[in-house]
Amino acid sequence: MQDFKGRVAVVTGGGSGLGRAMALTFANQGMHIAIADVDVAAADAVAAEIRAKGVKATTANVDVTDRAQMGAFADRVFAELGSCDVLCNNAGVATFKPVQNYEDRDWDWVVGVDLIGVIYGLQAFLPRMIAAKRGGHIVNTSSIAGQVPLGNITSYHTAKYAVVGLSDSLGIDLAGENIGCSVLCPGLVKTRIAQSGRNRPDRFGGPEPTAAAVNAGIEATGYDPMHVAELVLRAVQQNQPYILTHPEYRPQVEARFDRIFAAYDWAERK
Ligand SMILES: NC(=O)c1ccc[n+]([C@@H]2O[C@H](COP(=O)([O-])OP(=O)(O)OC[C@H]3O[C@@H](n4cnc5c(N)ncnc54)[C@H](O)[C@@H]3O)[C@@H](O)[C@H]2O)c1
């Protein structure tokens, strides 16, 4: 996708962090922006930043785990802004503990937001994107945790690996539709992800405290979200399927593929 001016980007979880950065970056290209977030006050603050750039911005108090809310959000976006040209299925959360200590709602919340939320985003927007025949692009936010195992975030890994698989498959299925697809797989980025529990809805167990050690790691080594968003923009322009932002994880990705190839060698041994 090359022409951005006057077109529309939709960003879930756009009230903070990477979603905010993508929303601002697409607005810098002259796009109008629609943000869905459970923290609508945060989304409204980002919308004010966006309008100051001279483009339109709309927000909605939407929980991506609710299919009906996502459908109603899509109705509003098409009514108010006329299209969806770049869809960023970005909202995500994490809970940090060993899987043996999980409660049912830990699974429900993390897989609900990080995987089912992406699926509901596609269901709400993709049919109308295809019908509009304007082309476009889908950016699904996974994580480096969708490429390599890191531990203590099994529900997150489960969802993020699935988002990589979903995106790979989407790229194949959409090949004839002029709609590109990229999956974003960052390492640590300076956002509020370690404070995801701040917005954990009551039906998923209610708010939980900040993961202090993760937060400290993010503060110490996290990338600037605007840098990551610039790579997202380039991936959309060049239809790059994988957005692997943190080269320091490359040895771990290679080691994982080495383990997979070693398994072929193992199977071939008598
Ligand atoms: N920050 C990192 O280090 C990092 C690394 C890899 C991937 N990611 C991914 O980036 C994405 C964005 O997270 P972030 O790091 O910017 O965190 P963040 O907490 O700063 O922003 C996430 C936003 O999503 C919103 N949100 C949470 N649950 C929601 C729901 N059910 N419906 C709608 N909105 C919801 C939050 O209110 C918040 O505004 C996530 O998918 C996350 O998994 C982050």
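Keep in mind that this is a model prediction, so the values were computed, not measured.

1. A few points about the overall build of the protein
- For the protein, the count of helices and strands is eight helices and seven strands.
- Referenced to the eigenvectors of the C-alpha coordinate spread, the extents of the protein come out at roughly 60 × 45 × 35 Å.
- Each of the 270 residues in the protein was classed as buried or not, and the buried ones make up 52%.
- Intrachain contacts of the protein at a sequence separation of at least 6 include 72% that bridge at least 24 residues.
- When the accessible surface of the protein is totalled, it reaches about 12200 Å², and 53% of it is carbon and sulfur.
- Positive and negative side-chain charges in the protein, numbering 25 and 28 respectively, have mean positions lying 3 Å apart.

2. Comments concerning the packing of helix α3 (residues 67-81) against helix α4 (residues 104-132)
- For the pair α3 and α4, the least separation of the axes is 8 Å and the interaxial angle reads 35°. Handedness of the α3/α4 crossing: right-handed. Side by side, α3 and α4 meet where Arg67, Met70, Gly71, Phe73, Ala74, Asp75, Val77 and Phe78 of the first sit next to Tyr120, Gly121, Gln123, Ala124, Phe125, Arg128 and Met129 of the second.
- In terms of residue class, the contact of α3 with α4 is built from nine nonpolar, three polar and three charged.

3. A closer look at the pairing of strand β5 (residues 136-141)
- Burial of β5 is extensive: six of the six residues sit out of reach of the surface.
- In terms of handedness, the path from strand β4 (residues 86-89) via α4 over to β5 forms a crossover that is right-handed.
- The pairing of β5 with strand β6 (residues 179-184) spans six bridges and is classified as parallel. From the neighbouring strand, glycine 136 faces β6, where its bridge partner is isoleucine 179.

4. Brief notes about the sheet that holds strand β3 (residues 57-61)
- Pairing is parallel in the open sheet, where seven strands are placed in the order β3-β2-β1-β4-β5-β6-β7. Sheet topology places β3 and β7 (242-243) at the edges, where each strand pairs with a single neighbour.
- Direction of pairing for β4 relative to β5: parallel, over a ladder of four bridges. Its bridge partner lying in β5, asparagine 89 is registered against asparagine 140.
- Its contacts with the sheet place helix α1 (residues 17-28) against β1 (8-12), β2 (32-37), β4, β5 and β6, and it is angled at close to 165° to β2.

5. Observations regarding α4
- With 29 residues, α4 should cover 42 Å at 1.5 Å per step; its first-to-last C-alpha distance of 40 Å lies within 8% of that length.
- Of the residues flanking the end of α4, it is lysine 133, one or two places downstream, whose phi is positive at about 50°.

6. Section: the pairing of β1
- Along β1, five of the five residues are buried, which leaves the element largely enclosed by surrounding structure.
- The two faces of β1 match: Val8, Val10 and Thr12 on one face and Ala9 and Val11 on the other face are all buried.
- One ladder, built from five bridges, connects β1 with β2; its direction is parallel. Within the sheet, the bridge partner assigned to valine 10 lies in β2 and is alanine 34.
- Handedness of the crossover is the feature at issue here: the chain leaves β1, passes through α1, returns alongside β2, and the resulting connection is right-handed.
- Bridge analysis of β1 against β4 gives three bridges, and the strand direction is parallel. By the bridge assignment, valine 11 is partnered in β4 with cysteine 88.

So, how was this worked out
- Residues numbered from 1 in each chain as written.
- Predicted model: local features only at pLDDT ≥ 70, side-chain atom pairs only at ≥ 80, totals over all residues.
- Heavy atoms only, no water.
- Helix = DSSP H or I, 4+ residues; strand = E, 2+ residues; numbered from the N terminus.
- Buried < 20%, exposed > 50% of the residue type's maximum accessible area, 1.4 Å probe, protein only.
- Contact = heavy atoms within 4.5 Å.
- Areas by Shrake-Rupley, 256 points an atom, 1.4 Å probe, with all protein chains shown as cover.
- Lys, Arg positive; Asp, Glu negative; His and termini not counted.
- Charge placed at Lys NZ, Arg CZ, Asp CG, Glu CD.
- Axes fitted to C-alpha atoms, helices over the stretch in contact; angles between N-to-C directions.
- Left-handed = near helix turned anticlockwise from the far one by under 90°.
- Nonpolar A, V, L, I, M, F, W, Y, C, P; charged D, E, K, R; others polar.
- Right-handed = clockwise from strand over helix to strand, strands pointing away.
- Pairing = 2+ DSSP bridges.
- Expected span 1.5 Å × (residues − 1).

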